[in-house]
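One-letter residues, chain by chain:
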Amino acid sequence: MVKNSRTAPGVGPIRPLNLPMPISVEEDPHHRPVVLDQKGRRVKVDSVEDLWQIDEEWWRDTPIVRTYYELTVQGGRRIIVFRDQADGRWYRQGG
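Not measured: the values here are computed from a predicted model. (Residues numbered from 1 in each chain as written. Predicted model: local features only at pLDDT ≥ 70, side-chain atom pairs only at ≥ 80, totals over all residues. Heavy atoms only, no water.)

Let's shift gears to the nonpolar core. The biggest cluster of nonpolar side chains holds 11 residues, and these are Ile-23, Val-25, Leu-36, Val-43, Val-45, Tyr-69, Leu-71, Val-73, Ile-79, Val-81 and Trp-90. Where this core is concerned, the elements lending two or more residues are strand E4 (41–56), strand E5 (64–73) and strand E6 (78–84). Counting residues per element, this core draws most heavily on E5, at three residues. The contacts of Tyr-69, once residues within four sequence positions are left out, are His-31, Arg-32, Pro-33, Val-48, Asp-50, Leu-51, Ile-79, Ile-80, Val-81 and Trp-90. (Core = buried A, V, L, I, M, F, W, Y, C linked by side-chain atoms within 4.5 Å. Buried < 20%, exposed > 50% of the residue type's maximum accessible area, 1.4 Å probe, protein only. Helix = DSSP H or I, 4+ residues; strand = E, 2+ residues; numbered from the N terminus. Contact = heavy atoms within 4.5 Å.)

Shown next, in the form of structure tokens:
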């Protein structure tokens, strides 16, 4: 029989996954991304593959209102970015 250690299971502190990272984005007049700054390198957006908006926690002082874009950028990579509608800042999802 295995003895109960009386400690909670796990490997350590919980770390959030898929944290958004700030990113510099050049927008068109409709606030759609056209160029991303990837570590000092300008990367052109080839196409927008998907677009969606979330509007959550409206009851809080600072609700979450974001417009997400799944992009194909030059070189064929797919990247998800979002524009925080509260402050206009851009983030790359998943760092």
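This part is about the side chain of Arg-83. Relative to the helices and strands, Arg-83 resides in strand E6. Residue classification places Arg-83 among the buried residues on the basis of a relative accessible area of 11%. A distance of 3.1 Å separates a polar atom in the side chain of Arg-83 from a polar atom in the side chain of Gln-85. (Polar contact = N/O pair within 3.5 Å; in protein donor to acceptor, adjacent residues only side chain to side chain.)

Read from one edge to the other, the open sheet built from seven strands follows the order E1-E7-E6-E5-E4-E3-E2, with strand pairing classed as antiparallel. The outermost strands of the open sheet, each flanked by one partner alone, are strand E1 (21–22) and strand E2 (24–27). Inspection of the sheet shows strand E3 (residues 33–38) paired to E4 by four bridges, in the antiparallel sense. Across the sheet, residue Asp-37 finds its bridge partner in E4, namely Arg-42. (Pairing = 2+ DSSP bridges.)

Glancing now at the packing of aromatic side chains. By the definition in use, this model includes five aromatic pairs. The interplanar angle of 90 degrees and the centroid separation of 5.7 Å between the aromatic rings of Trp-58 and Trp-59 together place this pair among those described as edge-to-face. Given a relative accessible area of 66%, Trp-58 falls into the exposed group. Residue class for Trp-59 comes out exposed when judged on its relative accessible area of 54%. For the pair Phe-82 and Tyr-91, a centre-to-centre distance of 5.2 Å together with 20 degrees between the ring planes defines the contact as stacked. Given the relative accessible area of 1%, Phe-82 is considered buried. Since its relative accessible area comes to 17%, Tyr-91 is described here as buried. (Phe/Tyr/Trp six-rings, centres within 6.5 Å; stacked < 30°, edge-to-face > 60°.)

Once that is clear, we can look at unusual backbone geometry. At His-31, a position not held by glycine, the phi torsion is positive, near 65 degrees. Here His-31 falls in the partly exposed class, since its relative accessible area comes to 38%.

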